[in-house]
Amino acid sequence: NLFYIKEAKLRNMAYSMRLIRKKHPHYKSGIDWCNLDVTDIDADASDLKMNKGIMSGQLNRCSFNERSGLAMQKISGRAAIGRGQALMEDIHLLDAFTDARAKYFSMSFARPRDFRQFTEKIRLDGQLEKSRMSTRTVGFFLPAVSGMNLDLDAYGELHGTVEHFDISKMRVSLVGHEFSTG
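The structure reproduced in this document is the subject of the present report. Because the structure is a prediction, the values reported are computed rather than measured.

**A closer look at unusual backbone geometry**
Most peptide bonds are trans, and most residues other than glycine sit at a negative phi.
Then, in step 1: Here the phi dihedral of Asn12 falls at roughly 55°; this positive angle occurs in a residue that is not glycine.
Then, in step 2: Note that Asn12 resides in strand β1 (residues 3–18).
Then, in step 3: Here Asp90, not a glycine, exhibits a phi torsion of approximately 50°, which is positive.
Then, in step 4: Mapped onto the elements of the fold, Asp90 is located in strand β5 (residues 85–95).
Then, in step 5: Judged by its relative accessible area of 43%, Asp90 falls in the partly exposed class.

**Points about the pairing of β5**
Then, in step 1: Both strand β4 (residues 71–82) and β5 contribute to a ladder of nine bridges, which runs antiparallel. Looking at the pairing, Ser76 lines up with His92 of β5.
Then, in step 2: Hairpin connection of β4 to β5: two residues between the antiparallel strands, including Arg83 at a positive phi of 55°.
Then, in step 3: Sheet topology note: the β5/strand β6 (residues 99–108) ladder contains nine bridges and is antiparallel. Bridging across to β6, Glu89 finds its partner in Tyr104.
Then, in step 4: In textbook terms, the turn of a hairpin is the stretch between consecutive antiparallel strands, and for β5 and β6 this stretch comprises three residues.

**So, the pattern of salt bridges**
One side chain can pair with another of opposite charge once the charged atoms of both are near each other.
Then, in step 1: Summed over the entire model, instances satisfying the criterion amount to nine salt bridges.
Then, in step 2: Linking Arg61 and Asp44 is a salt bridge whose minimum nitrogen-to-oxygen distance equals 3.5 Å. One end of the pair, Arg61, is in strand β3 (residues 54–66); the other, Asp44, is in strand β2 (residues 35–51), and 17 residues separate them in sequence.
Then, in step 3: On the accessibility criterion, Arg61 (27% relative accessible area) is partly exposed.

What counts, and where the lines are drawn
- Residues numbered from 1 in each chain as written.
- Predicted model: local features only at pLDDT ≥ 70, side-chain atom pairs only at ≥ 80, totals over all residues.
- Heavy atoms only, no water.
- Helix = DSSP H or I, 4+ residues; strand = E, 2+ residues; numbered from the N terminus.
- Buried < 20%, exposed > 50% of the residue type's maximum accessible area, 1.4 Å probe, protein only.
- Pairing = 2+ DSSP bridges.
- Salt bridge = Lys/Arg side-chain N within 4 Å of Asp/Glu carboxyl O.

Right, here's the structure in full:
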């Protein structure tokens, strides 16, 4: 191991990332991935390590606010990042509108600079367990549903980029009506 940290705690931290170039995608709604501004970060993590180019650890609890209006009350799960993939397993996400659990979620990329074109170049894969999802939360990540006010019970698999999502193996219920995408 390059390093190993048994426990780590962050309290009231902030993180900003600015893309300092003239031309970048404009986000009308949701998270502006080129200009992140995350505040009020509180996190507890354990077993953090770097081994063979992969950083991994357990996120026991994390909460934060993002400039877009996203106020995450809790994120937890096991995470690993390196060699073109960010993977999180046994995930729990909680905010005022969404209580979601997933077996796994991954983001794959050819080069780190692909995050500049997140919606086009970052491949997303995941297996959602039975969860309550709100478009009021999802809209921060998928601008196409921004402005809707729908609560969904959902589970299944998702694959693809934000622009070209395959949800053919998802089951979703909305206001007492159920439909299958597969």
